[in-house]
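Here is what each chain is made of, one letter per residue.
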Amino acid sequence: MSPPNVYVFEAPQDLAEATAKAFAQEAKRSIRENGCFAVALAGGSTPKAFYELLAARYRNALDWIGIHVFFSDERTVPPDHKDSNYRMAYEALLSRVPVGSVHRMRGELDPPEAAVLYEKELTAFFGGPPGFDLVLLGVGEDGHTASLFPRTPALNVNDRWAVENPVQKLETIRLTLTVPTINMARQVTFLVAGEGKAEALKKVLEGDAPPRDYPAKLVRPAGGPDWFVDRSAASLLGNL
Ligand code: 6PG
């Protein structure tokens, strides 16, 4: 397998700026070539600075009406809940730029119903299997990505585009894109920052830890994912 594309940035702000620049380049290319840019946003806290910077610096630099926003995963909470990935993205970005459409995972609904609804929304938008131009992901300290947590049922689902996923250790059910959906994307970019992620990043990028224990290892799109990481998260990596 080709060596991973790892880009290390000194500080989280440098990471946010580089990610915003890469996002803008991908968006411009997709809109130029295909007339639209379909992106799945990452949840969690890491992307917040990048979303805010996108809204602040690229408000007038992108053809936002051609940008269609989906989500890599969602918590089973209403969209105004403090833990909602949609709420974070709305406050940091979506309320500040005129995107063409926003496709929220409906965390307020019964999880299986929400997952089926999302799959219908995906296939309606893409006219078939979901082919994202870009999927943005984070990595948890346990090596999870999206809501694909270690040793959870969703890791083995290969005949769905999005599913509900019971996460026992969090005592909750999450909604997530599946591995096949993520791996069909033209580009997948991980955003990883902070010393707390160093161990997980090393396990995912180096060594032979089983993917069921470090689900981020399951992300293998055709071109290989890009890793945008800060110096702290990269501190345990070897040959950089
Ligand atoms: C979520 C995310 C999850 C996240 C990682 C990293 O819903 O929590 O989608 O996969 O990206 O847990 O989260 P932080 O960026 O908060 O460290």
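For clarity, every value in this text was computed on a predicted model and none was experimentally measured.

## Quick notes on the packing of helix H1 (residues 12-34) against helix H2 (residues 48-57)
One way to put it is that H1 packs onto H2 with a least axis distance of 9 Å and a crossing angle of 55°. Considered as vectors, H1 and H2 are oriented oblique to each other. For the element pair H1 and H2, the recorded crossing hand is right-handed. Contact residues: H1 offers Gln 13, Ala 16, Glu 17, Thr 19, Ala 20 and Phe 23, while H2 offers Ala 49, Phe 50, Leu 53, Leu 54 and Arg 57. Its residues assigned to classes, the contact of H1 with H2 shows 7 nonpolar, 2 polar and 2 charged.

## Quick look at the pairing of strand S9 (residues 188-192)
When you tally the buried positions in S9, you get 5 out of 5 residues, the bulk of the element. Residues of S9 alternate between two faces, with Val 188, Phe 190 and Val 192 on one and Thr 189 and Leu 191 on the opposite face, all of them buried. Judged from the 3 bridges that link them, strand S6 (residues 134-137) and S9 form a sheet pairing that is parallel. In the sheet register, Val 135 faces S9, and the bridge partner there is Val 188. This β-α-β element, S9 to helix H6 (residues 198-205) to strand S10 (residues 226-230), shows right-handed connectivity.

## Re the nonpolar core
Ranked by internal contacts, the top residues of the largest apolar core, which has 78 residues, are Phe 23, Tyr 51, Trp 64, Ile 67 and Phe 132. At 8 residues, H1 tops the list of elements feeding residues into this core.

## Digging into the site of the ligand
Taken together, 15 residues lie near the ligand, and Thr 46, Asp 73, Arg 75, Ala 146 and Lys 197 sit nearest. Within the contact set of the ligand, an oxygen atom lies 2.6 Å away from a side-chain nitrogen or oxygen of Thr 46. A total of 410 Å² of accessible area belongs to the ligand in isolation, and the protein chains cover 87% of it. Here the shell around the ligand is composed, by residue class, of 2 nonpolar, 9 polar and 4 charged.

## Describing the sheet that holds strand S8 (residues 172-177)
Two pairing modes exist for strands in a sheet, parallel and antiparallel, and in both the strands are linked by backbone hydrogen bonds. If you trace the 3 strands from one edge of the open sheet to the other, you get S4-S8-S7, paired in antiparallel fashion. Two strands lie at the open edges of the sheet, namely strand S4 (73-75) and strand S7 (162-167), each paired on one side alone. Each neighbouring strand pair of the sheet contributes to a mean axis angle of 25°, computed without reference to strand direction. Note: S7 against S8, 6 bridges, orientation antiparallel. Bridging across to S8, Asn 165 finds its partner in Arg 174.

## Focus on the confidence of the model for the protein
Chain-level pLDDT for the protein is 97 on average; 98% of the residues reach the 70-or-more range. The least confident element of the protein, judged by mean pLDDT, is strand S1 (residues 5-9) at 96; the most confident is strand S3 (residues 67-71) at 99.

## A closer look at the packing of aromatic side chains
Within the structure shown, the criterion is met by 15 aromatic pairs. Judged by centre distance (5.6 Å) and plane angle (45°), the rings of Phe 9 and Phe 228 are tilted. Taken as a pair, Phe 9 in strand S1 and Phe 228 in strand S10 lie far apart in primary sequence, 219 residues in all. Phe 228 shares its class with Phe 9; the two are buried.

## Quick notes on the side chain of Asp 226
Along the chain, Asp 226 falls in strand S10. Of the side chains with opposite charge, Arg 29 comes closest to the buried, unpaired Asp 226, at an N-O distance of 8.9 Å. Excluding anything up to four places from it in sequence, Asp 226 contacts Asn 5, Tyr 7, Gln 187, Val 188, Thr 189 and Phe 190.

## Concerning the sheet that holds S10
Taken in spatial order, the 7 strands line up as S1-S10-S9-S6-S2-S3-S5 in an open sheet, and their pairing is parallel. Strands with a single pairing partner mark the edges of an open sheet, and in this sheet they are S1 and strand S5 (101-102). In this fold H6 packs onto S1, S9 and S10, with an angle of close to 155° to the strand it touches most, S10.

## Regarding the environment of Arg 220
Structurally, Arg 220 is set in the loop between H6 and S10. Of the residues examined, Arg 220 reaches a relative accessible area of 48% and is grouped as partly exposed. Considered as a pair, Arg 220 and Ile 182 are 38 residues apart in the sequence and their alpha carbons are 8.4 Å apart. A distance of 3.4 Å separates a polar side-chain atom of Arg 220 from the backbone oxygen of Lys 217.

Reading the values: the criteria
Residues numbered from 1 in each chain as written. Predicted model: local features only at pLDDT ≥ 70, side-chain atom pairs only at ≥ 80, totals over all residues. Heavy atoms only, no water. Axes fitted to C-alpha atoms, helices over the stretch in contact; angles between N-to-C directions. Helix = DSSP H or I, 4+ residues; strand = E, 2+ residues; numbered from the N terminus. Parallel < 35°, antiparallel > 145°, perpendicular 65-115°, else oblique. Left-handed = near helix turned anticlockwise from the far one by under 90°. Contact = heavy atoms within 4.5 Å. Nonpolar A, V, L, I, M, F, W, Y, C, P; charged D, E, K, R; others polar. Buried < 20%, exposed > 50% of the residue type's maximum accessible area, 1.4 Å probe, protein only. Pairing = 2+ DSSP bridges. Right-handed = clockwise from strand over helix to strand, strands pointing away. Core = buried A, V, L, I, M, F, W, Y, C linked by side-chain atoms within 4.5 Å. Near = heavy atom within 4 Å. Polar contact = N/O pair within 3.5 Å; in protein donor to acceptor, adjacent residues only side chain to side chain. Areas by Shrake-Rupley, 256 points an atom, 1.4 Å probe, with all protein chains shown as cover. pLDDT = per-residue confidence, 0-100. Phe/Tyr/Trp six-rings, centres within 6.5 Å; stacked < 30°, edge-to-face > 60°. Lys, Arg positive; Asp, Glu negative; His and termini not counted. Salt bridge = Lys/Arg side-chain N within 4 Å of Asp/Glu carboxyl O.

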